[in-house]
Structures are given as structure tokens and as C-alpha cells.
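The lines below spell out each chain.
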Amino acid sequence: MHLAYPAVLSALLFCTGLYGVLARRNAILVLMSVELMLNAVNLNLVAFDVWLSKAAEETLHSGQALTLFTIAIAAAEIGIGLAIVLAVHRNSGTSDIDKLRDTAEGHAPDGSDTDNPATGTAEKAEATA
């Protein structure tokens, strides 16, 4: 089998994962897209390991060993990532990344500024009356 087939498949997987990271707003879908990107890297590691082992006299299978480490790191990343997403969802009630970014910057979702205590609800009620 040629090296081009797994390389093209890996590139497609990586591009799909990159699109998912950039376009999705749900934190769980972003984590799944990161997993796709890591699996594309794993596919490349194994494909190049097989391709290079045909040319080398001694086969160390270092690509497959690196793939095992990558799988272990990905499992830990997903476990910690899901724990963080669940904790944030319990506290804020949403897993939408845009809304979470707005609350982290100090802006409430309704457009009011939570950092400035001078603009409280009493002044807003007077302004609307």
C-alpha cells in the first residue's frame, strides 16, 4: 500500500477536526474535534512507521510507541476536558463557548457590564423610566 492513502486520509481527518474546532460553539463538539485531530496524527505516525520499517533493517516501531503515548494523553485530555465542561455547565447552565467567553471577560449576556458596580440596577431602572 502506498504512503499517499493514509496521508490523504489523515489530512482529511485533520482538516475536519480543525473545522470543528473553529466553527463549533458547543464545548463537547470542540473536544470531539480535537480528538479527530489527534487521531489524524496517530494515523500518520503509524503509516510512516510502517513505511520506514520497510526501508530500515532494524525495526524499532517508534511511531507505534508514540501513538500509544498519544492515545494515553488524549484519554487524559478528554477526561479532564469533560470534567471542566460539566463543572462549567453546572455553574453557568450552558456549554456555549461564546457565552462563556463573554462572562469571563466581565460582560453579562444581556450586555450589562458586571465589573462596574456604579452602573447597578437602580441606575438602569431610572434610565428606562
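Since this is a predicted model, take the numbers as computed values, not measurements. (Residues numbered from 1 in each chain as written. Predicted model: local features only at pLDDT ≥ 70, side-chain atom pairs only at ≥ 80, totals over all residues. Heavy atoms only, no water.)

Observations concerning the overall build of the chain
For the chain, the count of helices and strands is five helices and zero strands. Moving toward the C terminus, one meets the helices and strands of the chain in the order α-α-α-α-α. A total of 129 residues make up the chain; the buried ones form 21% of that total. If you take every contact in the chain between residues at least 6 apart in sequence, the share linking residues at least 24 apart comes to 51%. Carbon and sulfur atoms form 66% of the exposed surface of the chain, whose accessible area is close to 9,200 Å². (Helix = DSSP H or I, 4+ residues; strand = E, 2+ residues; numbered from the N terminus. Buried < 20%, exposed > 50% of the residue type's maximum accessible area, 1.4 Å probe, protein only. Contact = heavy atoms within 4.5 Å. Areas by Shrake-Rupley, 256 points an atom, 1.4 Å probe, with all protein chains shown as cover.)

Brief notes about the side chain of Asp-49
Looking at the element boundaries, Asp-49 is found in helix α2 (residues 27-55). Among residues more than four places away in sequence, those in contact with Asp-49 are His-61, Ser-62, Gly-63 and Gln-64.

Some details on the pattern of salt bridges
Counting across every chain of the model gives one salt bridge. For Asp-98, the salt bridge identified is with Arg-25, shortest N-O distance 2.9 Å. A residue pair is termed long-range when its members are at least 10 positions apart, and Asp-98 in helix α4 (residues 97-104) and Arg-25 in the loop between α1 (4-23) and α2 qualify at 73 residues. Its relative accessible area of 52% is what places Arg-25 among the exposed residues. (Salt bridge = Lys/Arg side-chain N within 4 Å of Asp/Glu carboxyl O.)

Observations regarding the side chain of Thr-67
Among the structural elements, Thr-67 can be located in helix α3 (residues 62-92). Among residues more than four places away in sequence, those in contact with Thr-67 are Asn-42, Leu-45 and Val-46.

Some details on α2
In this model, α2 (29 residues) spans 43 Å end to end at C-alpha, consistent with the 42 Å of a helix rising 1.5 Å per residue. When α2 is considered as a whole, its buried residues turn out to be Ala-27, Val-30, Leu-31, Ser-33, Glu-35, Met-37, Ala-40, Asn-42, Ala-47, Asp-49 and Ser-53. (Expected span 1.5 Å × (residues − 1).)

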